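# Structural description and commentary
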Amino acid sequence: MSTQTETAGSPDTKFGTTEDGYVFTKTPQPPMYSKILSDGSFITLSHAYESGKACLIKHSANGIYDEQFGVVITEKIGDLEHFTARNSLITEDDKIVLLGGIKPASGPHTALLARFSANGDLDKSFGTDGLTLINYPAYAALYEDRLSQQPDGKIIVVLQDGANNGRVIRINKLGLPDSPFGQAGVIETSFDPCVARGQSDGSVIVAGANRDRNRGWSAIIARYNSFGALDTRFGTDGYLKLYFDEDAGPSVLDCAIQADGHIIAVGYVSRGSAGRKSFIARITPLGQLDTTFNNGEPVIAAGFDIIEATAIQADGKIVTLARSPKGEYVHLLRHSSNGEWDPTFGEGGVALVYNDPQGRPESIALQTLELQPDGKIVISGYGQSTVIGRFLA
């Protein structure tokens, strides 16, 4: 954990009860990421591999376990014995949307959405009795940030097919395919999509990795209009491709949309035996690298293997979560709106927020980054316990 005190990027000692900015809570079932409710409190879901049920626990906005809420075991999700939950989001009215998969006797998971009220009851007004079956294989859907919500409340699911292609599915607030979008709510991509974010005009930014036959791998950002067609005004024919080192394999893992429509895209570049490095880029609403951000070039965060997530503060500063491949260390990075490292955050813009001094960490995945309503920075994940950490902004 960070040893800094009372400075931006340091642990918030008022969070939880141990004065180190972290909360570790055992759950009856394998834990998942925690999500922030509208009042700043936290809901955490865990899942049972065989029972077809989910488990909810809650913490206050200051990280105190809510004993009155206790442990809520949801009703069985339909007649599904092998529903495995992997991701969730909180809607604007504090309902919980769960993305998971049904495991058939053979073959991959098939994606499924379930929506719950904040007390754990299936919301029968969503889909069919609270469930929406997405009749596509969920090879990579069981991964953080493949589920998001547009400003108008519609839900976006991103699925890969394992062959440099993917699908983006849009579901309306009733849990039904958004039929004006693509073909019955589905668009197919010619690249590996890793994340999708909706814009206020109904268009959708989709980003990930692309392989060109002639130039090799690139990080790619595409924009689709509200009807699911490529927006050819964006970049070149709807795409912006970012190439890095020769023989490198870059990918966008997360993106965030600024109020003015600019796009923050973050990810990593795999360089084989040379290891990895991370990048942060800002793209204009027309799909070009923003010349006012790091002189029109991606910021290269050498020494940080994978930037997993990003969030934009109210003052325009950009916070990112960077981790090592095995999760033995995690950093928060902060840049100003022009791409410069923020010297007021941590040490020169870098705060070490998780470190195993012996190099043998509990298997822990800290991959979620959110901002509480008061602007404080929250990361969450899981190992043998649910883990939530809060840091000063």
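Structure report, in brief. (Residues numbered from 1 in each chain as written. Predicted model: local features only at pLDDT ≥ 70, side-chain atom pairs only at ≥ 80, totals over all residues. Heavy atoms only, no water.)

### Quick notes on the sheet that holds strand 11 (residues 155-160)
- If you walk across this open sheet you meet the 4 strands as 10-11-12-13, and the pairing is antiparallel. Single-partner strands in this sheet number two, and they are strand 10 (147-149) and strand 13 (186-189). Ignoring which end each strand starts from, the neighbouring axes of this sheet average 20° apart.
- By the bridge criterion, 6 bridges tie strand 11 to strand 12 (residues 166-171) in an arrangement that is antiparallel. When the bridges of strand 12 are listed, Leu159 appears paired with Arg167. (Pairing = 2+ DSSP bridges. Helix = DSSP H or I, 4+ residues; strand = E, 2+ residues; numbered from the N terminus. Axes fitted to C-alpha atoms, helices over the stretch in contact; angles between N-to-C directions.)

### Considerations on the environment of Leu112
- By secondary structure assignment, the location of Leu112 is in strand 8 (residues 110-116).
- Leu112 gets classed as buried once you look at its relative accessible area, which sits at 3%. (Buried < 20%, exposed > 50% of the residue type's maximum accessible area, 1.4 Å probe, protein only.)

### Here we look at the sheet that holds strand 1 (residues 22-25)
- In spatial order, the strands read 1-28-27-26; together these 4 strands make up an open sheet with antiparallel pairing. Where the open sheet ends on each side, the last strands, each with one partner, are strand 1 and strand 26 (365-371). The mean angle between the axes of side-by-side strands here comes to 20°, regardless of whether they run parallel or antiparallel.
- Two elements, strand 26 and strand 27 (residues 377-382), share 6 bridges in a ladder whose sense is antiparallel. Paired with Leu371 across the strands is Ile377, a residue of strand 27.

### Examining the side chain of Arg323
- Relative to the helices and strands, Arg323 resides in strand 23 (residues 318-323).
- Arg323 sits in the buried class, given a relative accessible area of 13%.
- Engagement of the side chain of Arg323 in a polar contact is seen with the side chain of Glu308, the distance being 2.6 Å. (Polar contact = N/O pair within 3.5 Å; in protein donor to acceptor, adjacent residues only side chain to side chain.)

### As for the packing of aromatic side chains
- Following the criterion strictly, the structure yields 6 aromatic pairs and no others.
- Relative to Phe391, the ring of Tyr22 lies with its centre 5.7 Å away and its plane at 80°, an arrangement referred to as edge-to-face. Taken together, the residues Tyr22 in strand 1 and Phe391 in strand 28 (residues 386-391) connect sequence positions 369 residues apart. Accessibility classification places Tyr22 together with Phe391 in one group, the buried group.
- One aromatic cluster is present, formed by Tyr22, Phe24 and Phe391 through successive ring pairs.
- Across from the ring centre of Tyr239, 5.9 Å away, lies the NZ or CZ of Lys241, which sits over that ring. (Phe/Tyr/Trp six-rings, centres within 6.5 Å; stacked < 30°, edge-to-face > 60°. Lys NZ or Arg CZ within 6 Å of the ring centre and 35° of its normal.)

### Considerations on the side chain of Arg146
- For Arg146, the location among the structural elements is in the loop between strand 9 (131-137) and strand 10.
- With no salt bridge to any partner, buried Arg146 finds its closest opposite charge in Glu308, at an N-O distance of 7.9 Å.
- From its side chain, Arg146 meets the backbone oxygen of Cys194 in a polar contact 3.5 Å long. (Lys, Arg positive; Asp, Glu negative; His and termini not counted. Salt bridge = Lys/Arg side-chain N within 4 Å of Asp/Glu carboxyl O.)

### Focus: the nonpolar core
- Judged by nonpolar contacts, the single largest core of 19 residues is most densely connected at Tyr22, Leu332, Val353, Leu366, Leu369 and Ile379.
- When residues of this core are traced back to their parent elements, those giving at least two are strand 22 (306-312), strand 23, strand 24 (329-335), strand 25 (350-355), strand 26, strand 27 and strand 28.
- Per-element tally for this core: the top contributor is strand 25, with 3 residues. (Core = buried A, V, L, I, M, F, W, Y, C linked by side-chain atoms within 4.5 Å.)

### Quick notes on the pairing of strand 7 (residues 96-102)
- Along strand 7, 6 of the 7 residues are buried, which leaves the element largely enclosed by surrounding structure.
- With 7 bridges connecting them, strand 7 and strand 8 associate as antiparallel partners. Bridging across to strand 8, Ile96 finds its partner in Phe116.

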